[in-house]
Each structure stands twice: as C-alpha cells, then as structure tokens.
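# Analysis of the macromolecular model
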Amino acid sequence: MEKKQLLSQTMAFLLCTTPDTTLGKLLQLCLASKVDGKRSGKSPLEFAEELLQHPDTISTWILEVVDSDDLYSVEEMIALSEMNLRDPEKFMRELLDEVTVLDTQGLAN
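Structural notes, computed from the coordinates. (Residues numbered from 1 in each chain as written. Predicted model: local features only at pLDDT ≥ 70, side-chain atom pairs only at ≥ 80, totals over all residues. Heavy atoms only, no water.)

## Focus on the environment of His 54
Spelled out, the test is: For the purposes of this entry, the term helix denotes a DSSP run of H or I that reaches at least four residues, the term strand denotes a run of E that reaches at least two, and both are numbered from the N terminus.
For His 54, the position within the fold is in the loop between helix 4 (44-53) and helix 5 (58-67). Each C-alpha atom, one on His 54 and one on Val 101, is 20 Å from the other, the two residues being 47 residues apart in sequence.

The structure is reproduced here in structure tokens:
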C-alpha cells in the first residue's frame with residue numbers, strides 16, 4: 001500500500017473516534033509510544049495484530065509496547081493512566097464492541 005494512501009486511511013479512521021472513548025484511549029497510548037522493531041523483535045503491525053488476535057493479553061502487550069524503545073515518556077504514562085485497566089478484559093470487551101459499531105462513514109465495509 002502506498003504511504004499516502006495508508007496515511008489518508010489512518011487519518012480518516014482517527015477522525016471517526018475521540019480521545020475519551022475506549023478506542024481513543026488505546027490510540028492515545030499508541031500515539032505516545034514508538035515501537036522499535038529492532039529492539040523488540042516485532043514490527044508495529046505485528047504488535048497491533050497480536051493484540052487483536054489475543055485481546056486477553058492487553059496487560060503484557062502494553063508492557064511490551066511501552067518497553068519496546070526503552071524510552072519511557074510522560075505522554076506514555078499519562079495515556080496509560082487514562083486507560084482504566086483495573087479490569088483489562090472488560091476494557092478490551094468495550095473496545096472491541098466499540099470498534100464493531102464504529103461509524104467509519106464508508107471507510108471500512
């Protein structure tokens with residue numbers, strides 16, 4: 001996929017949600033984190049696919065993502081604190097339910 005096309009689709013998807021939603025909170029963490037594939041052994045896409053295939057692993061997934069570049073930023077910690085992960089399974093259930101009904105306005109069929 002061409003990078004401009006990927007960028008436009010990603011921007012359009014982001015424009016379909018807000019930071020106060022469960023999805024938005026996960027995306028905030030993703031924006032605050034920078035995955036270093038050489039250090040972590042996984043690409044950003046592999047991280048994303050892994051979480052969606054195994055949503056029950058969100059707690060360890062977050063630790064791996066945040067640790068992937070060995071730089072802990074204030075933004076990462078703020079995003080993490082806003083996720084309300086007292087019940088990780090509930091968080092992921094809500095997130096996946098949100099994605100199911102997300103109005104992407106024709107972006108994804």
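## Looking at the nonpolar core
Spelled out, the test is: We define the nonpolar core as a collection of buried residues of types Ala, Val, Leu, Ile, Met, Phe, Trp, Tyr and Cys that are connected through side-chain atoms lying within 4.5 Å of one another. Between buried and exposed lies partly exposed: a residue is buried under 20% and exposed over 50% of the maximum accessible area for its type, with that area taken using a 1.4 Å probe on protein chains only. In this analysis, two residues are considered to be in contact whenever any of their non-hydrogen atoms come within 4.5 Å of each other.
Counting 19 residues, the largest nonpolar core has Leu 26, Ile 58, Trp 61, Ile 62, Met 83 and Phe 91 as the members making the most contacts within it. At the level of elements, helix 2 (22-32), helix 4, helix 5 and helix 7 (88-101) are the ones that each hand at least two residues to this core. Sorting elements by how many residues they give to this core places helix 5 first, with five residues. For Met 83, the contacting residues outside a window of four places in its chain are Lys 25, Leu 26, Leu 29, Ile 58, Ile 62 and Phe 91.

## Digging into the side chain of Glu 76
Checked against the element boundaries, Glu 76 lands in helix 6 (residues 74-81). Beyond its immediate sequence surroundings of up to four residues, Glu 76 is in contact with Leu 29, Ala 32, Ser 33, Lys 34, Val 66 and Leu 71.

## Concerning the pattern of salt bridges
The test is simple: Whenever a carboxyl oxygen of Asp or Glu lies within 4 Å of a side-chain nitrogen of Lys or Arg, that contact is scored as a salt bridge.
One pass over the structure, following the stated rule, counts four salt bridges. With a shortest N-O distance of 3.3 Å, Asp 70 and Arg 39 are connected by a salt bridge. Of this pair, Asp 70 sits in the loop between helix 5 and helix 6 while Arg 39 sits in helix 3 (residues 37-40), and the two are 31 residues apart along the sequence. On the basis of relative accessible area, Asp 70 is assigned to the partly exposed category, the value being 41%. Under the relative-accessibility criterion, Arg 39 is labelled partly exposed at 41%. A salt bridge links Lys 42 to Glu 50; its shortest N-O distance comes to 2.8 Å. You can call Lys 42 buried: its relative accessible area is 19%. Members of the salt-bridge network, linked through shared partners, are Lys 42, Glu 50 and Glu 64.

Keep in mind that these numbers describe shape and distance, not what the molecule does.
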